[in-house]
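# Close look at the chain arrangement
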Amino acid sequence: MKLRSTILTILFMIISSAIVAQVNISGTVIDNDSHDIIEFANIALLKQDSTFVAGASSDTNGLFAFNGIPTGDYILSATFVGYGKRYVPVNHIEKDTDLGNIALKSSDIALKDVTVTANAVIQKPDRKVIIPSDAQIKASNSGITLLRNLQLSRIIVNPLDNTIGLPGGDAVQLRVNGVEVTVAEVVAIQPEDIIRIEYHDDPGMRYGNVGAVIDYITRRRESGGNVSANLANAPYGLGWGENFLSAKVNHKKSEFGINAYWSRRSIDWTRENEETFVFPDMTLVRTEEGQPTTFKDNRLNVALNYSLNETDKYMFNATLRNNYQKMPNQYSDRNSIIYSSDNDNNPLSISDHSTWRSYSPSLDLYYQRHLKNDQLLIFNVVGTYIDSKSTRLYQERRNDILNTDIYSSVLGDKYSLIAEGIYEKSFKTGKFSAGLKHTQSYTSNTYDGNVSTDVGLNFAETYGYAEFQFKKNKFNYSLGLGVMRNYNSQGDNHNEKYIFRPTVRISYNINDNAYIRYNGYISGYSPSLSDLNNVEQEIDSLQIQRGNPNLQTVWYYTHTLTGGYNKGIFGAEFFMRYSYDHKPIMEQITFEDGKFVRTNINQKGFHRLYSEATFKLKPFGEYLTLTLAPGFNRYISYGEDFTHTYGYWRIRGSAMFNYKKWSFTAEAWTRWNNFWGETMDRGERLHTIMVGYSDESRLFGLEKVKWSLNAGMFNPFSKSYTQGSRNYSALAPNKSLVYTDNLKQILVINFTINFNFGRQYKAGNKRLNNDDTDAGIMSGSKK
């Protein structure tokens with residue numbers, strides 16, 4: 001008995017000492033200059049002889065922890081791309097210890113020395129975090145081309161105009177360090193300044209109704225500046241160009257910037273239509289044979305920016321923007337011959353010519369304030385004025401005799417104010433956020449020509465939300481509730497509606513290589529200002545376009561399921577979304593007094609199913625990336641007097657090869673068709689090849705200058721570039737084909753140059769950007 005008692009006492013002492021000897025070590029990784037948290041930093045705990053003990057990475061709040069570590073003396077190592085490595089002595093650890101803030105310093109040298117051999121993809125509850133590889137960065141000349149090289153699932157980068165979209169046409173919101181920006185500002189980003197890209201493929205309430213958010217996390221500068229230019233033009237007289245220019249200068253706490261974007265188009269389009277008109281006593285078929293008709297579009301957008309930043313305290317930002325657009329020949333222009341079934345031997349000659357001009361200055365004022373205990377306040381006010389003018393002249397002739405003469409001119413003035421405030425509070429296990437946004441606008445349009453009238457429209461929208469994100473066990477949850485109020489008035493007519501917007505997101509990381517996520521929410525959208533007017537305009541001799549001031553706000557619900565697997569050279573992801581719109585705004589065609597009247601009304605309902613799978617293979621590491629993405633869409637449209645179903649398969653693929661300073665890209669995708677109401681729109685079918693060379697030089701005594709020269713061809717194997725549509729109306733169905741030879745086998749030369757001067761730093765991040773671009777003018781022309 002005494003021996004047993006002695007053994008038990010010794011075992012108890014050993015176990016007790018072992019328990020006492022194990023401690024927890026934690027801390028927070030931050031930026032040395034801005035004190036912003038650094039997510040996904042690599043943390044290693046080493047013995048005094050540099051023997052590895054344990055490893056971890058900082059979470060979304062910059063926190064890391066080592067649990068069950070024996071007492072003793074250690075060295076902690078912290079690293080992240082774009083920062084210098086830091087070693088922190090951890091001596092005499094005998095109890096749980098919080099090391100506090102571990103500050104890393106931004107370093108040009110550190111970024112040069114770090115080579116990421118394979119892009120890392122970190123799956124978070126609400127987004128993907130992508131760290132580009134060194135090969136991908138070297139093969140890119142802007143933030144746009146880097147995004148194209150990353151080949152993110154569902155993200156489509158159009159090589160013709162640099163637009164970024166999703167299958168089905170949903171919008172993609174672009175941000176830099178949390179700030180909403182334009183494509184021009186993304187083009188101006190130097191790829192080597194990009195630390196990571198955060199891809200919100202299923203955005204939360206904070207981002208509204210956008211389909212996805214791409215956030216570039218970059219390094220910023222404290223003094224000196226940056227100048228960049230990206231020039232892409234088609235030679236041999238083809239009117240196509242996308243040109244960007246950006247410059248920034250920093251002085252102490254201030255930053256001054258200018259950003260300019262110039263786009264030009266001059267393309268000849270040919271239209272062929274077949275329209276059927278079902279009268280009460282007869283059916284009329286009109287076949288249109290079009291002639292090449294010029295489309296011209298020039299856009300010049302300029303933004304001046306000033307920001308004042310006190311690290312970890314406040315940031316003030318003021319941006320003055322001016323967007324100018326002039327279209328002397330709109331896309332809807334056409335010169336055609338129409339053969340009618342009632343008079344086939346004596347065709348009509350038609351001319352349809354429209355113009356558009358808009359001038360839109362805006363002032364964006366932003367203020368951000370950091371409070372104690374990880375709290376943040378953000379305020380944003382944007383005032384916008386839109387001065388616009390549109391004209392249309394439509395004429396029909398038979399035997400050189402003018403039968404139909406329709407002219408309209410619309411002068412528009414719109415004033416809008418957008419104000420938003422957001423509060424955020426971070427916790428160790430989650431985050432709480434709440435926001436309130438109000439939009440107020442007044443639109444005054446003067447219609448002249450065949451119809452003369454003045455239209456004044458007041459519009460207001462208020463949206464408030466609260467959202468809480470937290471983690472429990474292996475699951476991550478996000479719960480939110482929002483309320484939206486819409487109001488519009490025009491003369492004696494006014495509409496008001498409230499919509500509750502709950503949302504829930506649940507994600508589960510199966511293991512380090514696989515995840516699955518569900519998201520469901522209810523939301524709504526308002527009618528466009530152009531649809532709400534009470535104006536009636538003639539389209540042609542048989543049709544009328546009529547506004548509808550009684551349109552109601554639409555609410556809809558959405559369910560999304562996503563998942564993925566990524567390991568080694570193979571990756572796969574799937575996306576499936578079902579949406580239902582209740583009383584959607586769709587076109588209705590009626591027959592009144594010998595004319596077919598087209599107007600938008602609230603129809604019954606609309607179902608849509610989007611699905612896509614993305615397969616990625618890297619057989620030779622980062623030298624070669626092969627991507628294949630098949631998808632299927634299904635639509636069911638319910639109207640007051642129609643029911644339509646439509647489904648189609650699509651596929652896109654790419655091959656990207658990078659070697660040293662050379663790059664080669666080939667992309668192709670089938671049409672992305674869309675269905676809404678009674679109309680199916682045929683999307684574009686594109687394929688491209690591009691060869692590029694990038695290098696660094698010292699020019700004019702400046703620091704490192706990076707330049708690149710790329711040559712490529714759009715649609716090298718196509719005979720023509722086509723789009724089209726088909727309407728299934730019972731009263732006025734039609735088929736339309738639009739094509740051009742200008743966009744086949746287009747040779748494009750792209751030259752970029754980027755150079756820096758001065759030192760680097762990390763600035764405070766602006767989190768919001770609001771903009772208003774809807775002029776609210778109804779057009780009678782065909783699209």
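For every chain, the first residue of the written sequence is number 1, and numbering continues from 1 along that sequence. Local features are withheld for residues below a pLDDT of 70 in this predicted model, meaning they are given only at 70 or higher, and side-chain atom pairs are given and counted only at 80 or more; totals for whole chains, interfaces and linings count all residues. Side-chain figures throughout are based on the complete set of non-hydrogen atoms in the structure, without hydrogens or water.

### What about the pattern of salt bridges?
The salt bridge definition used is simple: a Lys or Arg side-chain nitrogen within 4 Å of an Asp or Glu carboxyl oxygen. A full pass over the atoms with the stated rule returns 22 salt bridges. For E587, the salt bridge is made with R598, and the minimal N-O distance between the two is 2.9 Å. On the criterion of sequence distance, the pair formed by E587 in strand β36 (residues 585–592) and R598 in strand β37 (residues 595–602) is long-range, its members being 11 residues apart. The rule is simple: take the accessible area with a 1.4 Å probe, protein chains only, and divide by the maximum for that residue type; under 20% is buried, over 50% is exposed, in between is partly exposed. The class of E587 is partly exposed, set by a relative accessible area of 26%. One network of salt bridges, in which partners are shared, links K128, D201, R517 and E573. A helix here means a DSSP run of H or I that spans at least four residues, while a strand means a run of E at least two residues long, and both kinds are numbered starting from the N terminus.

### Thoughts on the nonpolar core
If you look at the biggest cluster of nonpolar residues, it comprises 29 residues, and the most contacted ones within it are W240, W269, Y635, Y646, F675, L743 and I746. Elements represented by at least two residues in this core include exactly β19 (254–278), β38 (605–617), β40 (643–659) and β48 (746–757). Here, nonpolar core means buried Ala, Val, Leu, Ile, Met, Phe, Trp, Tyr and Cys residues that are tied together by side-chain atoms lying within 4.5 Å of each other. Formed by 27 residues, the second largest nonpolar core is a distinct cluster that contains I130, V157, V187 and A212.

### Section: the pairing of strand β41 (residues 662–669)
Only one face of β41 is covered, namely the face carrying S663, T665, E667 and W669; the face carrying W662, F664, A666 and A668 is uncovered. Paired strands are those between which DSSP finds at least two bridges. Note that β40 and β41 share eight bridges and pair antiparallel. Note that in β41 the partner of M656 across the bridge is T665. The hairpin turn running from β40 into β41, its antiparallel successor, is two residues long, and K660 in that turn takes a positive phi close to 55 degrees.

### Quick notes on the packing of aromatic side chains
Here a ring pair, both rings aromatic, is described through the centre-centre distance and the interplanar angle of the planes. Only centres within 6.5 Å qualify two rings of Phe, Tyr or Trp (six-membered ring in Trp) as a pair; their planes then separate them into stacked at under 30 degrees, edge-to-face at over 60, and tilted for everything else. Under the defined criterion, the tally for this structure stands at 36 aromatic pairs. Seen in terms of ring centroids, Y463 and Y465 are 5.8 Å apart; in terms of plane orientation they differ by 20 degrees. Their pairing is stacked. On the accessibility criterion, Y465 (7% relative accessible area) is buried. Site record: aromatic cluster; members linked through ring pairs are F606, Y610, Y635, Y646, Y648, F675, W676 and Y728.

### Focus: the sheet that holds strand β3 (residues 52–57)
The sheet built from four strands is open, its strands ordered β3-β2-β5-β6 with antiparallel pairing. The open sheet has two free edges, formed respectively by β3 and β6 (86–93), since each of these has just one partner strand. Each adjacent strand pair in this sheet contributes to an overall mean axis angle of 20 degrees, direction not counted. The axes used here are C-alpha line fits, helices contributing only the stretch in contact, and every angle between their N-to-C directions lies in the interval 0 to 180 degrees.

Shape descriptors only; they carry no functional weight alone.
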